[in-house]
Amino acid sequence: MRNRSLKIRGTRGASLGLIAMGALLVIIAIFAAFQFAVYMGGSRELRNSVDAAALNVSKRMIEVKVAPDPEYSDIADTTGNIGLMNINRLWAKAYLINANQEAMMKEGYSTSESSTSASVAYQKAEATNANLASMLNSKTSGDQYFKQMAGTKPAKLLGADGGVTTNTQSTWAVAMVNRGAESNINYQQQQLPDGAQPNGFNQNGKLWLRGYSPFVANGQPFCFTTFRNNEMPHLISDTVFSQNQGPIPQASNPIPNAFRESGQTNSMQTISAAANAVANPQRQFTMAIPHSFVTITIVNHAKWFVQGTQVAKTTYGFTKETQQGVVKKKLHDPASGLLDGFASLGNEYASGNNLWTALNALPGDHNTPAMKLVQRINEFKPGFTLQNLQQLMQSQNLVPNANTYYIYPVYSSPDSTNPSVLVTTTPNKIPWFNPGLGLGSSNLIVTEEMQKNQPNYCWDIITEGKYASGQHYTEVSGKIFWQPGTGAGQCLGNLWVGRLTQCIFTGVPAP
Amino acid sequence: MRTRSGKGQSLVEVMAGFMVFIPLAFLAVDVVGVTSASQSNEQLAESLARVAANQGSQAMAQRAAEDAVSNFQTNATITAVTLELVKYDVGLGQVSITTAMNFKLPIPMPGYTTMILRSNAVQPIVATPAPL
C-alpha cells in the first residue's frame, strides 16, 4: 500500500509541476527580455544625451572668450573680447601689419620703428591666441556646456539615477578638423601690399584664407582656424576626430575647432559614451585693420632768390594771393638799387577747390601715389577703388590753413565692418584716434614736371638803380613723398605733397 | 478506472497550463510591441529635434518638424504620429519637441486596445550664428 500510494502521488503532480516551472521560466525570460530592452533603450538615451551635450559644447565654445591687447580692440566683439568667432580676425589684422612691414622692407621703407611695431603686434596676437587656446583646451570650459545640455536629457529608462554627467575619467580632447579648408576670413588681392602671398584659395568668386595651413609673413608663421562656410556645429565620427588630433607643422598653438567629451550615468551600473562635434561661429569677415587711417599733407613754399642768393622763404595757401617776398633788397654789381620782389602764388589750385585737384595741380605721375593710398585704404575698406578715391577727394573742399587731411573709416555696424570712408582735417573727430608707432621712412616717389613762369609768376620793382626792372621768372615744381605705416599704430601711410615756387630775380634785364 | 483518471488529469493539467501560458505569451507580444514603438517614438522625437535645431526660427522649426512627421510611415500597430509641441527657445539655445504616437496593441487586452506613447527630446539650437 505504501508503495502504491507513492506512485499515485508522483503521477498526479508531474504535469502541473512542469507547467509551473515552465511558466516560471517564461516569466523570467519575459522579465529578462524586458530588462534587456530597457537597458538597451537606456543606453541609447545615454548616447542621445551625450551627442546633444557634445553638440552643445561645440556650439557654445564660441562663448569662451579672452580680453585682447588694446591694439586689437577694433576687432573685438561688442563685449570687447576675442573668441572663436573673431580669433581669425585678430590674426588677419596681425598678418596685414606684418605683410605691410615685409613689403616696406623690400621697398626700402622699413625703419626700426616699423619693424618693432610689426613684431610687437605679432607677439600681442600670439599672447591673446595662447590665452584662448588654453581655455579651449581646458576640460573645465567644455564641462559646463556639456552638463548644461546633459542635465536636460537624463537616461530615464535607467531609473531614478539616470542623470547624465561628464565622465570624470574621460579624456577631454580637442582636434583641428577640415585642415586646408576655408577659415572665416576672406580677402581681396588689392588689399594686400606688393609681394604678399597668403595661403588662400578662390571659392565662389571670393578669396578665402585656408585654415590650419600656416604660411609665413615677415618671418612669422600665421595659422588660421578652419570654419567652413554654410556649416553649422555638427557631430563627427571618432575616426575623423582622431585623425585630426595631431599637431600642425609650424603652428605652435593652433586654436581647435572640434571637441570630444564623454558622459556617464551611474544607475544600475556605470555606463558611458563619448561624442565629437565641430564648432562653427557662422560668421565671416573680410581681412581688415578697422581702426586705421591714411593722411594727405600738402605744403606750399615759395623761395625768393635775388642775384642767385636765397633771401626769403614763405608759405602760401590754396587760393590765389600776392606776396612780397623781397623788400628793398640792395643789389650789387652788375645791378644797382633796391629791389622789391612780388609773386602771384597759389595759382596751381585755381582749377578747383578740392583735394583731388590739389593732388593733381601740377603735371606728373599722380597715379602712383593715388594707388598707394588706394591699397592702404583697402586695408580698412575692402573693395575701395581709384574711382572711389577720386570721388572722395573731389568731395573734400580745401580748408584754409589746414594742410593735413585724414582719410578714415566710420562704422555703423557693431562688428566694425563695411565702413563709410570720410575725410577730415581735425583728427579729434575720429572717435578711436590714438596713433602709435609703426611708420616707415618717407621716400620720394614722384617728381612733378617743373613749370616756368606758370601757373605762378613774379615781378619786381627796382628803385634808385640803373634799371626799373630786371629779369625775373618763377620755377614751379612739386615732389611727392610716401611714408607707409604698418598699421600697428593706426596710421597706414602718409602722402606728403610739397609744392615749391622759386621766385628768381637777377636785378638786370635779360641779355 | 485508474488509467482513465490519469489521462484526464494530464489533459486538465495541460489545459490549465495553456491557460497560464497563452496570456503570458500574449502579454509578451504586447510588451515587445509597446517597447519597440516607444523606442521608435523616442528616436523620432530625437530626429525631429535635430531637424528643428537646424532652423533659424520657431516658425521654421515648426514647419521642418511637421514635414518630417508627415514622412513617418505608419503601420498596423502605429496608426498615427502627431507633433504635440515645438518650443524653439533662443534664450536657452534649445529646441524641445514632444511627439505622440498612437499604438494599437497587437493583441488587445481587456480595457486596453490602443495606447498613446509620448516622447520628448531636447537639442541645442545650432543654426544661430555667434553674437557679434
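By convention here, each chain's residues receive numbers from 1 onward along its written sequence. Chains and ligands are labelled by the order in which they are written, letters from A for the one and numbers from 1 for the other. Side-chain atom pairs in this predicted model are given and counted only at pLDDT of 80 or more, local residue features only at pLDDT of at least 70, and totals for whole chains, interfaces and linings cover all residues. Only hydrogens and water are removed before side-chain values are computed, so all heavy atoms of the structure are retained for them.

1. Topic: the interface of chain A and chain B
Stage number 1. Note on contacts: a residue pair is in contact if any heavy atoms of the two residues lie within 4.5 Å. With 39 residues of chain A in contact, the opposing surface of chain B contributes 33 residues.
Stage number 2. Salt bridge, as used here: a side-chain nitrogen of Lys or Arg that lies within 4 Å of a carboxyl oxygen of Asp or Glu. Our enumeration of links across chain A and chain B arrives at 1 salt bridge.
Stage number 3. As a salt-bridge pair, Asp51 of chain A and Arg50 of chain B come within 3.7 Å of each other at their nearest N and O atoms.
Stage number 4. Identification of polar contacts relies on pairs of N or O atoms within 3.5 Å, with a donor-acceptor requirement for protein atoms, meaning one able to donate a hydrogen and the other able to accept it, and with residues adjacent in sequence counted only if both atoms are side-chain atoms. At the junction of chain A with chain B, the criterion picks out 10 residue pairs in polar contact (both at pLDDT 80 or more).
Stage number 5. By the criteria applied, helices consist of DSSP H or I runs no shorter than four residues and strands consist of E runs no shorter than two, each listed in order from the N terminus. The biggest single contributor to the side of chain A that touches chain B is helix H1 (residues 2–60) of chain A, with 22 residues.

2. Some remarks on helix H2 (residues 87–107) of chain A
Stage number 1. For H2 of chain A, which comprises 21 residues, the first-to-last C-alpha distance of 30 Å matches the rise-based estimate of 30 Å (1.5 Å per residue) to within 8%.
Stage number 2. Positive backbone phi, at 85°, marks Gly108 of chain A, one or two positions downstream of H2 of chain A. To estimate how far a helix should extend, the number of its residues minus one is multiplied by 1.5 Å.

3. Notes on the sheet that holds strand S3 (residues 182–187) of chain A
All names here are of chain A.
Stage number 1. Across the sheet, 4 strands lie side by side as S4-S5-S3-S11; this open sheet has mixed pairing. Edge positions in the sheet fall to strand S4 (200–203) and strand S11 (285–286), since each of these pairs with one other strand and no more.
Stage number 2. Lines fitted to the C-alpha atoms define the axes, with helices restricted to the stretch that makes contact. Angles between their N-to-C directions range from 0 to 180 degrees. The strands touched by H2 are S3 and S11; relative to S3, the strand with the most contacts, the crossing angle is about 45°. Strand pairing is assigned whenever DSSP detects at least two bridges linking the two strands.

4. Focus: the sheet that holds strand S15 (residues 338–345) of chain A
Residue and element names in this part refer to chain A.
Stage number 1. Taken in spatial order, the 3 strands make up an open sheet running S14-S15-S20, and their pairing is antiparallel. Of all the strands in the sheet, the pair left with one neighbour each is strand S14 (321–330) and strand S20 (457–463). For this sheet, the mean inter-axis angle between neighbouring strands, taken without regard to orientation, is 15°.
Stage number 2. Where S14 meets S15, 7 bridges bridge the pair, whose relative direction is antiparallel. When the sheet's bridge partners are listed, Lys329 is paired in S15 with Leu339.

5. Digging into the packing of aromatic side chains
Residue and element names in this part refer to chain A.
Stage number 1. Each aromatic pair joins two rings of Phe, Tyr and Trp (for Trp, the six-membered one) with centres within 6.5 Å, and gets the label stacked for planes under 30 degrees apart, edge-to-face for over 60, and tilted for any other angle. Evaluation of the coordinates by the stated rule reveals 16 aromatic pairs over all chains.
Stage number 2. Taking the centre distance of 6.0 Å and the plane angle of 10° together, the rings of Phe215 and Phe224 count as stacked.
Stage number 3. Each residue gets one of three labels from its accessible area relative to the maximum for its type: buried under 20%, exposed over 50%, partly exposed in between, using a 1.4 Å probe on protein chains only. Looking at Phe215, the relative accessible area reads 7%, which means it is buried.
Stage number 4. The class of Phe224 is buried, set by a relative accessible area of 0%.

6. Considerations on the pattern of salt bridges
Residue and element names in this part refer to chain A.
Stage number 1. By the definition in use, this model includes 14 salt bridges over all chains.
Stage number 2. Arg228 is the salt-bridge partner of Glu182, the closest N and O atoms lying 3.9 Å from each other. Residue Glu182 is found in strand S3, and its partner Arg228 is found in the loop between strand S7 (220–222) and strand S8 (234–236); the two are separated by 46 residues along the sequence.
Stage number 3. For Glu182, a relative accessible area of 2% corresponds to the buried category.
Stage number 4. Given a relative accessible area of 31%, Arg228 falls into the partly exposed group.
Stage number 5. Linked through salt bridges whose partners overlap, the residues forming this network are Asp69, Glu71 and Lys124.

7. Here's the deal with the confidence of the model for chain B
Stage number 1. On a range of 0 to 100, pLDDT expresses the predictor's confidence in each residue. For chain B, the average pLDDT comes to 86, and 95% of its residues sit at 70 or higher.
Stage number 2. Per the prediction output, this complex has pTM 0.87; the corresponding ipTM is 0.83.

8. Some points on a nonpolar patch on the surface
Stage number 1. Like charges within 9 Å and nonpolar side chains (Val, Leu, Ile, Met, Phe, Trp, Tyr) within 5 Å are joined into patches, using only residues over 30% in relative accessible area that form no salt bridge. Here the accessible surface of atoms and residues is derived via Shrake-Rupley with a 1.4 Å probe, and residues count as covered only by protein chains that are part of the display. A surface patch of nonpolar side chains, amounting to about 560 Å² of accessible area, comprises Leu11, Val14, Met15, Phe18, Ile22 and Phe26 of chain B.
Stage number 2. If you trace the backbone, Leu11 of chain B turns up in helix H1 (residues 2–53).

9. Quick notes on the side chain of Arg44 of chain A
Stage number 1. Relative to the helices and strands, Arg44 of chain A is located in helix H1.
Stage number 2. Charged residues are defined narrowly, with Lys and Arg counted positive, Asp and Glu counted negative, and His plus the chain ends left uncounted. One buried charge, Arg44 of chain A, has no salt-bridge partner; the nearest side chain with opposite charge is Glu42 of chain B, at 4.5 Å.
Stage number 3. Separated by 3.4 Å, the side chains of Arg44 of chain A and Gln39 of chain B make a polar contact.
Stage number 4. When neighbours within four sequence positions are excluded, Arg44 of chain A is seen to be in contact with Gln39, Glu42 and Gln43 of chain B.

10. Looking at the nonpolar core
Stage number 1. Counting residues in hydrophobic clusters, the biggest one holds 96 residues, and the most contacted among them are Tyr95 and Ile407 of chain A.
Stage number 2. Counting residues per element, this core draws most heavily on H2 of chain A, which supplies 10 residues.
Stage number 3. Leave out the neighbours within four places in its chain, and Tyr95 of chain A touches Leu192, Ala196, Gln197, Pro198, Phe215, Ala217, Phe222, Phe224 and Met287 of chain A.
Stage number 4. Core analysis: the second largest hydrophobic core is formed by 24 residues, Leu83, Val86, Leu117 and Ala121 of chain B among them. Buried Ala, Val, Leu, Ile, Met, Phe, Trp, Tyr and Cys residues that are joined via side-chain atoms within 4.5 Å together make up what is termed a nonpolar core.

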